[in-house]
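For reference, the chains in residue letters:
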Amino acid sequence: LSVGLHSSIRGIFRAHPLRDLLESSRTYPLRVDRERALYGSWYEIFPRSIGAYKDQEGHWHTGTLRTAAADLPRIAAMGFDVAYLTPVHPIGTTFRKGRNNSLEATPEDPGSPYGIGSPDGGHDAIHPDLGDFDDFDYFVKKAKGLGLEVALDLALQCSPDHPWVKDHPEWFKHRPDGTIAYAENPPKKYQDIYPLVFDQDYRGLYNAVRDVIQKWIDHGVTIFRVDNPHTKPVQFWQEILAEFHKKHPEVLFLAEAFTRPAMMRTLAQVGFHQSYTYFTWRNTRKEIEEYFQEVAWESSPYMRPSFWPTTHDILTQVMVDGGIHAFKMRAVLAATGSPNWGIYSGYELIENVQRPGFEEQIDNEKYEYKPRDYSGETAQEMMGLLTTLNGIRRRHPALQRLRNLKIHETTHPGVVCFSRHLDAWESPTGVADTVIVVVNLDPHDTAIGAIHLDLSALKISGSSSSCFKVRDELDGKVYDWGSANYFELNPYDRPAHIMSVEAS
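Residues numbered from 1 in each chain as written. Predicted model: local features only at pLDDT ≥ 70, side-chain atom pairs only at ≥ 80, totals over all residues. Heavy atoms only, no water.

### Re helix α7 (residues 234-247)
Then comes step 1: Taking 1.5 Å per residue as the helical rise, α7 with its 14 residues ought to reach 20 Å, and the 20 Å between its terminal C-alpha atoms agrees with that figure.
Then comes step 2: Within α7 the residues assigned to the buried category are Phe236, Trp237, Ile240, Leu241, Phe244 and His245. Seen from one end, α7 has its buried residues packed into an arc of 145°, which puts them on one side.
Then comes step 3: The inward-facing, buried residues of α7 abut α6 (202-218), β10 (223-227), β11 (252-256) and α8 (261-269). (Helix = DSSP H or I, 4+ residues; strand = E, 2+ residues; numbered from the N terminus. Expected span 1.5 Å × (residues − 1). Buried < 20%, exposed > 50% of the residue type's maximum accessible area, 1.4 Å probe, protein only. Arc of directions from axis to C-beta. Contact = heavy atoms within 4.5 Å.)

Listed below in structure tokens is the structure:
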């Protein structure tokens, strides 16, 4: 054996390696995105609501980009990375929606910011009530000074008053009587919005959208949250994303595509950096375990998930029924279940009353001003939790990765346990990192039981009776744990554990 392994023999094989059955594959391009494509914490705002007020005569006065900028220090202090703006463009008046999506708008109703376009301009303009580009630049500068990136909604639809409707009627779908068809997403109808169609003047519309994106990049936007991309041709996204990947590789695109799984995956495969997910509707232990494993393993080669407990469009029944305890529990799941997560403003106030018959908030901010006061006890408590969660995420690189998730067994059907582990060689700190998350999914009752940990997945050596120390990152308490561990999770004051494994 020693002769066969002699250094001279090794040298021969290094110089003349065996080539039997060796062949070359096709060459494929490799795109490497920046860290924010995978990991980040988003905070969504309607800028017109921040600083809005009603005078003594009952008339509303809008907030502006300058008043919205005044809230950025609070957002940054909670540890968020991205300040996400809903559309800031002029809003049409034809078929403008009133409060709660009513068909009759009063002069006081500001209209939906998704009804884009008026005589003041379209997607490349700013609503005069919000300010001008100097004000937008001020907002971006202040955000960046606080360590926040600015994301902007890219909603490719038009109000009947959009300049494109007059200048390019071929970009819209016409009925047999010559009128333009408004948008529908059953059971919702959007009489104030005309969808764009790409089959009459594809290149002209493509160039117009390209110019819009470029303009906002020129003013400091580094991320676009794309509204309903599944209603546009896949070819369009494939081409325009490829163009911006090449010209501006630092700019990211998030797909807001609550649609069939095949389309969600296709959009990810053609170039979207991130995707909204079905997390919002996964509530039982079985649903959560299956979905967490799906996004961490099955779809991870091409789709980066973003978890949102609520959005301005979505308020699920568990949030309605569970109140503040559900809001806490879902925040923990979102912040630890995905490297990328987001919060819609007002989450701190537990805004959980649904519009009758719809899975969204009543008095929806899409149709009215909604100034908020965060000085109350509930808001301060929730802001404290959000700050803690974002702090935990920043301290633990294991929570900044997607494909390192392991589900562990629990004896309680309403408790989910999972871990994330990074070996030292793949951790940006050079130190191994392990986090174990245990969450009571019931916002009403205490859960008691045991966790059975797979120590091999945690890279913990020793027998099943071996002990190791864990620190609960939510309150700082230290425990001795092993392969089997008792838990008692009260939704009122301890809905979850986020345990970091301390180095031995």
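### Examining the environment of Asp192
Then comes step 1: Along the polypeptide, Asp192 turns up in the loop between β8 (188-190) and β9 (194-195).
Then comes step 2: Taking the C-alpha atoms as reference points, Asp192 and Met263, separated by 71 residues in sequence, lie 26 Å from one another.
Then comes step 3: Sequence-distant contacts of Asp192, defined by excluding residues within four places in its chain, comprise Thr94, Phe95, Arg96, Lys97, Ser112, Gly115, Cys158, Ser159 and Pro160.

### Thoughts on the pattern of salt bridges
Side-chain pairs of opposite charge can arise whenever the charged atoms involved come near each other.
Then comes step 1: Tallied over the entire structure, the rule returns 33 salt bridges.
Then comes step 2: Between Arg36 and Glu149 there is a salt bridge whose closest N-O contact spans 3.5 Å. With Arg36 in the loop between α1 (7-15) and β1 (40-45) and Glu149 in strand β5 (residues 149-154), the pair connects residues that are 113 residues apart, well separated along the chain. Across the pair, exposure class does not vary: Arg36 and Glu149 are buried alike.
Then comes step 3: Glu290 is the partner of Lys286 in a salt bridge, and the nearest nitrogen-oxygen pair spans 2.7 Å. (Salt bridge = Lys/Arg side-chain N within 4 Å of Asp/Glu carboxyl O.)

### Digging into the sheet that holds β1
Then comes step 1: Pairing within the closed barrel is parallel, and its eight strands lie in the order β1-β4-β5-β10-β11-β12-β13-β14. Recorded for the sheet is a direction-independent mean angle of 30° between the axes of neighbouring strands.
Then comes step 2: Pairing analysis gives four bridges linking β5 to β10, with the strands arranged parallel. For Ala151, the partnering residue across the bridge sits in β10 and is Ile223. (Pairing = 2+ DSSP bridges. Axes fitted to C-alpha atoms, helices over the stretch in contact; angles between N-to-C directions.)

### Quick look at the sheet that holds strand β22 (residues 496-501)
Then comes step 1: Strand order in this open sheet of eight strands is β20-β19-β22-β17-β16-β15-β18-β21, and the pairing throughout is antiparallel. The sheet terminates laterally at β20 (478-481) and β21 (484-489), the two strands that pair on one side only. Neighbour-to-neighbour, the strand axes of this sheet turn through a mean angle of 30°, independent of strand direction.
Then comes step 2: Examined bridge by bridge, strand β19 (residues 468-472) and β20 share four bridges and lie antiparallel to one another. Within β20, the residue paired with Arg471 across the bridge is Val478.
Then comes step 3: The strands touched by helix α9 (residues 285-298) within the sheet are β15 (405-410) and β16 (415-422), with β15 carrying the most contacts at an inclination of about 160°.

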